[in-house]
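# Remarks on the overall topology
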Amino acid sequence: MYVLSPTGSLLYSPLPKSSPQKPPRCSDCAPLFMKAKCNHYLVNSAIKFHQLGIDPSIPTHGSIHNPKRVPHRYTSNTSLKAGALSSNNDTPTTPRCVVLDIEGTTTPISFVTDVLFPYARDNVGMHLEATYDSDDTKEDIKLLRTQVEDDLQNGVIGVVPIPPDDAEKEEVISALVANVEGMIKADRKITSLKQLQGHIWHTGFKKNELEGVVYDDVPQALERWHASGVKVYIYSSGSRLAQRLLFGYTNYGDLRKYLCGFFDTTIGNKKETKSYIEISESLGVDKPSDILFVTDVYQEAVAAKAVGLEVMISVRPGNGPLPENHGFMLIKSFTEIPF
C-alpha cells in the first residue's frame, strides 16, 4: 500500500512481511526488474493523479473533467472587481504599461465639448491674426490647406476653399475660420484641426483662462502606478501639446510627472488596429498583453483587443452607450483596476 501526503508526495511504502527466502537465481532477475519498474510507474502515476485532483477509481469518458479546475473567465457587461486582468490566468497580473484615453476616461466629455471646443472656436480668428507669421501657425495653415483640398475632392459638405498664400491675410483667415468652425462642429478627429486647437489652448492655459479637469480617482491612480513602476501613457485624438497642457494645468495640479509619454493621431486613427501595433512596438513590450488600454469607445476597444492588448472600458457619467454582450471588462472608476 502506498501512502501519499496531502501535497502528493510519497510518505512510505511498507513491505509485506515474508519468510526468509533464498537468494534469487539469475533467471529470476528479469521478472523482478520488470516488476520494480512497473511498481515505480504506478507510484508516479498515483502521485500525479493526486496532484491533479483526479480520482482514478471514477471512470471517465472523453476529456478529463475536474470541476475544481475550471479556468477563471470574466463575463461581459460586468465590472471587474479584485482579481486578474487576464481571463486566461487565475493569478492577478500587473501590466508593464497603462495607456489611457482622455475623454470619458480621465476627463469628463463635457469638459471637452463645453469648455475646450468652444474656447478654440471663439478664439481661432484672434489666434490666427496674432500669430499669422509664426512658424507654428504657418505649419497649421499648411496642414489645414491640405485637409481642405482633400475634403473638396471628396465632396465634404460645407468646406470653404482657402485662398493661396499670396492672397490678403484677412481672406485667408476668414476661410480658415469657416473651415475650423465646421470641423469643430462635426467633431472631426483630424491632425490639422487638433494641432491648431492645441496651439489655441496653449494660449488659454498660459493665461489661466483654462484649467484641465480630471476625475477625482485619476490622480491617486497615476501616483500609485508610478510608485509601483507601471509606466503610464496617454493616447488621445487631441494633439500631444494639448494633452500635455491638460495634464499640466489640472484641478489637481501638474500630473505630468506621473506620465511617460503621449500618443495622438499622428500614430494612427484610434479605431484602427495598426495604431495599437505602432504603440506596442513603440513601448518595447515583450508582448501586447503587457499593455492595459482603458477607453470609453467600443470601436477603440475592439481595435486594441485585436492586437492583443488588455482592454477595459470606462463607464463614466455622460459616456455613450455600449452594445450588448460586448465582452469587455467595465470600470466606473480607476479604483476598480486591481493593481
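A brief look at the structure comes next.

Rules behind the numbers
- Residues numbered from 1 in each chain as written.
- Predicted model: local features only at pLDDT ≥ 70, side-chain atom pairs only at ≥ 80, totals over all residues.
- Heavy atoms only, no water.
- Helix = DSSP H or I, 4+ residues; strand = E, 2+ residues; numbered from the N terminus.
- Buried < 20%, exposed > 50% of the residue type's maximum accessible area, 1.4 Å probe, protein only.
- Contact = heavy atoms within 4.5 Å.
- Areas by Shrake-Rupley, 256 points an atom, 1.4 Å probe, with all protein chains shown as cover.
- Core = buried A, V, L, I, M, F, W, Y, C linked by side-chain atoms within 4.5 Å.
- Axes fitted to C-alpha atoms, helices over the stretch in contact; angles between N-to-C directions.
- Parallel < 35°, antiparallel > 145°, perpendicular 65-115°, else oblique.
- Left-handed = near helix turned anticlockwise from the far one by under 90°.
- Nonpolar A, V, L, I, M, F, W, Y, C, P; charged D, E, K, R; others polar.
- 1 Å grid on protein atoms, 1.4 Å probe; cavity = no way out; pocket = protein on both sides within 12 Å on 5 of 7 lines; lining within 4 Å.
- Points joined across faces, edges and corners; volume = space filled by probe spheres on them.
- Expected span 1.5 Å × (residues − 1).
- Pairing = 2+ DSSP bridges.

### A word on the overall build of the protein chain
Tallying secondary structure elements over the protein chain gives nine helices and eight strands in all. Residue burial in the protein chain is summarised as follows: out of 339 residues, 42% are buried. For the protein chain, long-range pairs separated by at least 24 residues make up 66% of all intrachain contacts whose partners lie at least 6 apart in sequence. As presented, the protein chain carries roughly 19600 Å² of accessible surface, and 54% of it is formed by carbon and sulfur atoms.

### Examining the nonpolar core
Counting residues in each nonpolar core, the largest one holds 58 residues, and the members touching the most others are Leu100, Trp201, Leu222, Trp225, Phe247, Phe334 and Ile337. The residues contacting Trp201, other than those within four sequence positions of it, are Leu116, Phe117, Tyr119, Ala120, Leu210, Ala242 and Leu245. By size, the runner-up hydrophobic cluster in this structure holds 21 residues, among which are Cys97, Tyr233, Ile267 and Leu309.

### So, the packing of helix H3 (residues 135–153) against helix H5 (residues 191–206)
Interaxial distance between H3 and H5 falls to 9 Å at its minimum, and their mutual angle equals 155 degrees. Considering their axes alone, H3 and H5 lie roughly antiparallel with respect to each other. Where H3 crosses over H5, the two elements pack in a sense that is left-handed. On the side of H3, the interface is formed by Asp136, Glu139, Asp140, Leu143, Leu144 and Gln147, while H5 contributes Ser192, Leu193, Gln195, Leu196 and His199. Grouping the amino acids of the contact of H3 with H5 by side-chain chemistry returns four nonpolar, four polar and three charged.

### What about the layout of surface pockets?
One water molecule sets the probe size; rolling that probe over the atoms shows where empty space is left. One number sums up the size of the largest pocket: a volume of about 410 Å³. Lining the largest pocket are 23 residues, with Lys189, Lys271, Asp296, Val297 and Glu300 sitting closest to its centre. Residue assignment for the lining of the largest pocket shows that the elements contributing at least two residues are helix H2 (109–131) and helix H9 (298–307). No other element matches the three residues that H9 contributes to the lining of the largest pocket. Each residue belonging to the lining of the largest pocket can be placed in one class, and the counts come to seven nonpolar, eight polar and eight charged.

### A word on empty space enclosed by the protein
Enumeration according to the criterion identifies one cavity of 30 Å³ or more in this entry. There is about 130 Å³ of room inside the largest cavity. Lining of the largest cavity is provided by 13 residues; of these, Val112, Leu116, Trp201, Ser236 and Gly238 occupy positions nearest its centre. Where the lining of the largest cavity is concerned, the elements lending two or more residues are H2, H5 and helix H7 (240–248). When grouped by side-chain class, the residues that make up the lining of the largest cavity number seven nonpolar, four polar and two charged.

### Quick word on H5
Counted at 1.5 Å a residue, the expected span for H5 with its 16 residues is 22 Å, and the 22 Å between its end C-alpha atoms agrees. Within the span of H5, buried status applies to Ser192, Leu193, Lys194, Leu196, Gln197, Gly198, His199, Ile200, Trp201, Gly204 and Phe205. Trailing H5 by a residue or two, Asn208 shows a phi angle of about 60 degrees, which is positive.

### What to know about the sheet that holds strand E5 (residues 261–263)
Taken together, six strands build an open sheet; the order of strands is E5-E4-E3-E6-E7-E8 and the sheet is parallel. Strand pairing shows two members of the sheet lacking a second neighbour, E5 and strand E8 (329–331), which therefore form its edges. Across this sheet, the average inter-strand angle for adjacent strands is 25 degrees, counted without regard to direction. Where strand E3 (residues 97–100) and strand E6 (residues 291–295) come together, four bridges link them in parallel fashion.

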